[in-house]
Every structure is written in structure tokens, then in C-alpha cells.
Amino acid sequence: MSAPSDTPQAPKVTEREARQVAEAAREQDWRKPSFAKELFLGRFRLDLLHPHPVPAAEDVRRGEAFLDRLRAFCETRVDGALIEREARIPDDVVNGLKELGALGMKIETRYGGLGLTQVYYNRALALAGSASPAIGALLSAHQSIGVPQPLKMFGTQDQKDAFLPRLARTDISAFLLTEPDVGSDPARLATAAVPEGDDYVLDGVKLWTTNGVVADLLVVMARVPESEGHKGGITAFVVEADSPGITVEHRNAFMGLRGIENGVTRFHRVRVPAANRIGLEGAGLKIALTTLNTGRLSLPAMCVGVGKWSLKIAREWSAVREQWGRPVARHEAVGAKISFIAATTFALEAVVDLSSQMADESRNDIRIEAALAKLYGSEMGWRISDELVQIRGGRGFETADSLAARGERAVPAEQMLRDMRINRIFEGSTEIMHLLIAREAVDAHLKVAGDIIDPDKTLSDKARAGVDAAGFYARWLPKLVSGPGHLPNSYGEFRPAGHPDLSGHLRHVERSARRLARSTFYAMSRWQGRMETKQNFLGRIVDIGAELFAMSAACVRAEHLRADGDHGREAYQLADVFCRQARIRVEELFTRLWSNTDDIDRRVVEGVLSGTYAWLEEGVIDPSGEGPWIADAAPGPATGENVHRPIR
């Protein structure tokens, strides 16, 4: 580690400046339709989802063939318990994945990749992640947010020719954005990329670099200073991981995902050719966010895998474990948990498959759908894992090794719970996802009311904006009064004979979408410019939208399976129970929009921060060690060992 320094680790920026940076990076144009965007505006566009899109026959053939090979590899070569014990994926397993072509699942065949669709890429991640969540994380970090995806979308032909063949077969990549004092607020990014001749010189420290310990290629976000001939701003670079001046200072250890190669990487006078810059100067954040539009789907895909495994364990265990004269599955308290796991797993798979197929077809803008899938998958996946541990009781809390040592089946339920916890933080925490999605959900309102709530606008600007807003709402609000959700025969194709009736659930979604839009309008009218500070309210708005999207996807998937003759009756049953459970959650969220403790919570927080309640902390011992809350990240040369270890 470098010596402590009083040098600021990150630029000092105001809240307004931070918001401006985030807003500049956001995609603001909508060139394609979006089901979720329309949903938040009170328009239930079922036609954008139904009939369920299907993959091309050749994509299915190629995808299924790879899944067969991957399954055989995972069953014969991957020892998940060994990875958990040793906190490392064996090199021979990584090399086996390379030989299988797993590094190039999303890379086009002309560059040596497999060219899988998003649908089959996600299914492969779910399969590999069920064998070992650390392997799922390795493959996802490499392809979903690592070098391949931004190059595919924004790279030059020379960059693609130079790097994609390596990334498809031999080279592991990592994405480096976070810094010790910079998380979801990129305006404070401190790593610098200073132009020098035909190069940029990088200095700074990056934290939580998943795959960074073993990576061969890095995509690095660094700030280019504004100067003559240089626009400056946060910029993306492809960097060779063995470049002089790069040091992996530490391999991090976590409560879960013990096998991931995540570290702290220091850059000291690292020269990067200008030819390795991805896109324009200042476009780095937009590149990162655009990459994540589909990249985020990999995480809920692995949550689906955990749901499927949890359902299998819950079924097998609950049928043989007896209490009070009958299997625990027959007791209502446990049965409710099993029903939740089954129904929610069905819905999560519906959300991920539908969003992925829409991404493959590229006929819809799925940036909100993908974000909702990540948010909903991580939250529900965590609940599923927690319920499985509860169903298993004391055995759920016991490690798989301990169970095996005393002669019982080695079920790693507690490990899965630990592994799943990070998903609510990875690639945008739940709280950040709420804000990101909410920003898109209220975009139409902000556009028509922007000058009204902008403190820098003149009175005449505000007056003109007021006229425009009045016209928008005069046209929009009447459409929120009634719709197909009030007509008993709407969505009749979801009411086939001999199956549960799903049409009523879709009518509920349609009515709730209009109710959601009305609630957003009321809040906008009430709080205006302060709306963006009402994070709990916005979070509930987003959670309602997530439930409505999941209900829609579940119904569409059930009808798709019925039409194909593939477990249609059972799919209808699962969709029905999921929608009934989701409707209860939706009603609770609507109630909490206006009946909550948000105001008094803020007063308590002020008391906590001022020390008013410090007396409540007495009577315990703090086991935390000494040291600063945030490690020093001042630029400079490394002084410790380089733990970078590329796998060959």
C-alpha cells in the first residue's frame, strides 16, 4: 500500500454537479417502443409482449448444443464444494472453460466466439452458476460488463480485430470503475488519464475489480482532464493487464462468492495507446450504462438458476422430513413457502426469458425492462434462498461440509444464501436501481415540467413551461380514468377452457398501471422539484412497476407454453398463484405510497447523526478493528507485492 496522503482522493463536487454528470450519461432518446416505459405512463401495451417472441431455429440448435456440452463439463469437471473450501476456481477448470468456448459465448463467430443469443447466454450462466456461483460470476463479469460487450457496441473495427479473438478463447477481462471513495457517484471519479503524445497516462486506484486478479485485459474508466484538443471527461480504455505500472495490491475476500478473483488494482504512470480508447473522450459513463442495458440480464438469469435449485431441494427435503406425523410440506406454514418458491421461480424465468428474447430481436428498447429484471431478480432470488434455509431449519444453517461429515446429504443452502446476498449490491444496488428506474419512469413529467422546477430558469421560461405542461396533462390525464381493465371480457385469450383464468390478472395490471401513473402525477404536483428527493416514494413506484411487469411476463409465458403444448396447464397454475401473491404485494405498496413513516424516519436519522440516541449504543463491545473507514487511494507507485496471476 502507498503511504497515507492528505491529497483528496476524489474531486469535490456539489450534489447538483453530481446529478448533471449522471444525467449527461443517461440515454435520453427513445427510438424504439418500451413496454415498461409505457407501463409507468399508465399505458398497458400488452401487444409489445404478446405473442411471446421466439428464437430462430438455428439459434436454438446452436444454443442447445452448447448447453449440452456445458452441462457435461460442469457435471464432470466442476467441484463446487472444492471451490468453496479453497476460495478459488482451479486453473484447470478455467482452462477447460476456455477450451469449451465459454469465454466467447456472446462474441460473434467471425472472431472465434460462439455467437449465442442473449437467451442462451443467460441459460448457460444459470447452468454454470448452479454448479458454482463463482464460475457464473467469472463468466458474467468477463462478457456482460468486461471488454467484449463495450467493444461490440462501441469499438472500432481495428479494436475488434485485435481483442475479440483473444477474449473469445484465451483472455479473461474485467471492468474497472469503482474506487475506494467512489461508488455510484461517478462525478467524483479520481483515476486520471492524462494525454501524452500518442498515449494516455493512467494514475489511480480501482476497487472491487471482479476478475481483476486474473484478468488479461481490462476496461478502465478514467478521467481525462480538459485541455487544448481534448474535450476531457470520464473515458473508457482497453488496457493490457500486464502493462508496466499496474499492480494488483490485494485479493479481496467476501461473505459469499468465495471463488471470485476480485481485487484492488493500482495504476502508476501506466501508458495506454490512444488507439485503445473506446469511443470519444467523455463518453465513458454512457458506454458503461449502455453496455449494462442488456448486461444486467446476466445477474437475474443466475437468480433463476438458484430458484430452480431451491425448488428442487425444497421438494425433495419437504417430502421426506416428517413432523407431527406428516411431511413438513403438508404443513401450511411450510407449504406457503414452497408455493412462493415455485411461483416466483416461474415468474423470474418468464421475466428473464422475455426480456432476453426482446433484446435479441432488438425491436424494443429494453433498458427499463433489464433494470427491472435485475432489481426484481436480486430481491426475489434473495427471498427464495432465505425461505429455503428456513425450510431446511438447522440443516439450512449448517454447512455442506459439516452435513457430509456426519453422514447427511451435503446441501449448501447456507452457502447459496451467502452467495445470493451480493446480487442486491452488484451492478447497481437495489437503492440505486430504484433511482435509476424512477428517473426513466418520471422522464415524461420532467420533460414537460423541467423549466418549471429548474431554479435557474426565468419567470418567463417557467410561464411558457407551465402552458406546455397544462397541454400535456390535459391530453394525458383523461386517458387514466378508464380502460380495458374495466371490461370483463378483455384479454379473453388468457381464459382457455380447463385452465385457471389469467385474464383477470391482466385486467388488474392494466388498472394498476393507470393508478400508478395517477399516483406519480399527484406526487409530481405535490412535490414538484423536490420529487427527486423522495427516494422511498420513488422506490415504491418502481417496485409496483416491477410486480406488474412480472405479472405480465408470467401470463404471457404461460399462454406461450400452453399454445406450444409444453406444460401449459401447470404453467397457468403457477402464473395464477404468482399473480395472486403479487397482487397482495402491489396493494400493500400502493397503500404505503401515502401511508408510511418517511417523515418521522428522517427526524430519527437526524437524531442518530447528531448523537441524540448514542446512549442506545451502550452495553456492547465493538469487535471492529482499527483503521480508516475508507483506505487511502492517493496516486503513486505500489509498495507491496503484485498478486496478479493470469491463468494459462
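Residues numbered from 1 in each chain as written. Predicted model: local features only at pLDDT ≥ 70, side-chain atom pairs only at ≥ 80, totals over all residues. Heavy atoms only, no water.

Engineer: Tell me about the pairing of strand S5 (residues 233-240), residues and numbers included.
Structural biologist: Here S5 lies mainly inside the structure; six of its eight residues are buried. In this structure, S5 lies alongside strand S8 (residues 277-278), joined through two bridges in antiparallel fashion. When the sheet's bridge partners are listed, alanine 236 is paired in S8 with isoleucine 278. (Buried < 20%, exposed > 50% of the residue type's maximum accessible area, 1.4 Å probe, protein only. Helix = DSSP H or I, 4+ residues; strand = E, 2+ residues; numbered from the N terminus. Pairing = 2+ DSSP bridges.)

Engineer: Could you give an account of helix H21 (residues 535-563), naming the residues involved and the relevant values?
Structural biologist: For H21, which comprises 29 residues, the first-to-last C-alpha distance of 42 Å matches the rise-based estimate of 42 Å (1.5 Å per residue) to within 8%. The element H21 is extensively covered by neighbouring structure, given that 24 of its 29 residues are classed as buried. Glycine 565, located one to two residues past H21, shows a positive phi value of around 70 degrees. (Expected span 1.5 Å × (residues − 1).)

Engineer: Before we move on, can you summarise the layout of surface pockets with the specific residues and values?
Structural biologist: Each pocket or cavity is described by its volume, and for the second largest pocket that value is around 1100 Å³. As for the second largest pocket, its lining consists of 41 residues, of which Ala126, Leu127, Ser130, Ala131 and Trp309 are closest to the centre. Elements that contribute at least two residues to the lining of the second largest pocket include exactly helix H3 (57-77), helix H4 (80-86), helix H6 (118-131), helix H11 (298-320), helix H12 (332-361), helix H15 (400-405) and helix H16 (413-421). Ranked by residue count, the leading element in the lining of the second largest pocket is H11, at eight residues. The residue inventory of the lining of the second largest pocket, partitioned by class, reads 18 nonpolar, six polar and 17 charged. (1 Å grid on protein atoms, 1.4 Å probe; cavity = no way out; pocket = protein on both sides within 12 Å on 5 of 7 lines; lining within 4 Å. Points joined across faces, edges and corners; volume = space filled by probe spheres on them. Nonpolar A, V, L, I, M, F, W, Y, C, P; charged D, E, K, R; others polar.)

Engineer: So what's going on with helix H9 (residues 157-169)? Residues and values would help.
Structural biologist: An ideal rise of 1.5 Å per residue puts 18 Å on 13 residues; H9 measures up with 19 Å between its terminal C-alpha atoms. The largest bend in H9 comes to about 35 degrees, at phenylalanine 163, with the proline proline 165 one to four residues further on. For H9, the set of buried residues is Gln159, Lys160, Phe163, Leu164, Leu167 and Ala168. (Bend = angle between axes of the 7 residues up to and from the residue.)

Engineer: Please provide a residue-by-residue account of the packing of H21 against helix H22 (residues 568-594), values included.
Structural biologist: Two packed helices can be described by the angle between their axes and the distance between those axes. It is the contact of H21 with H22, at a shortest axis distance of 9 Å, that shows an interaxial angle of 165 degrees. Taken as axis vectors, H21 and H22 run roughly antiparallel relative to one another. Relative to H22, H21 is oriented so that their crossing is left-handed. (Axes fitted to C-alpha atoms, helices over the stretch in contact; angles between N-to-C directions. Parallel < 35°, antiparallel > 145°, perpendicular 65-115°, else oblique. Left-handed = near helix turned anticlockwise from the far one by under 90°.)

Engineer: Describe the side chain of histidine 52, naming the residues involved and giving the relevant values.
Structural biologist: With respect to the helices and strands, the residue histidine 52 is situated in the loop between helix H2 (35-40) and H3. Dropping the residues within four chain positions of it, histidine 52 is found in contact with Leu354, Val556, Arg557 and His560. (Contact = heavy atoms within 4.5 Å.)

Engineer: Go over the packing of aromatic side chains, please, and point to the residues and values.
Structural biologist: Counted under the stated rule, the structure contains eleven aromatic pairs. Seen from their ring centres, tryptophan 527 and phenylalanine 537 are 5.2 Å apart, and the 80 degrees between their planes marks the pair as edge-to-face. With a gap of ten residues between them, tryptophan 527 in helix H20 (residues 503-527) and phenylalanine 537 in helix H21 connect regions that are remote in the sequence. When sorted by exposure, tryptophan 527 lands in the same class as phenylalanine 537, which is buried. (Phe/Tyr/Trp six-rings, centres within 6.5 Å; stacked < 30°, edge-to-face > 60°.)

Engineer: Lay out the pattern of salt bridges with the relevant residues and their values.
Structural biologist: All told, the structure shown has 45 salt bridges when counted by the stated rule. The shortest N-O distance in the salt bridge between glutamate 387 and lysine 337 comes to 3.0 Å. You can see glutamate 387 sitting in helix H13 (residues 367-392) and its partner lysine 337 sitting in helix H12, a full 50 residues away along the chain. Note that aspartate 598 and arginine 540 form a salt bridge whose closest N and O atoms lie 2.9 Å from each other. You can see aspartate 598 sitting in helix H23 (residues 598-610) and its partner arginine 540 sitting in helix H21, a full 58 residues away along the chain. Summarising the burial analysis for this pair, aspartate 598 and arginine 540 share the class buried. Several salt bridges share partner residues, and in doing so they unite Arg88, Asp91, Arg251, Glu261 and Arg645 into one network. (Salt bridge = Lys/Arg side-chain N within 4 Å of Asp/Glu carboxyl O.)

On their own, these measurements won't tell you what the molecule is for.
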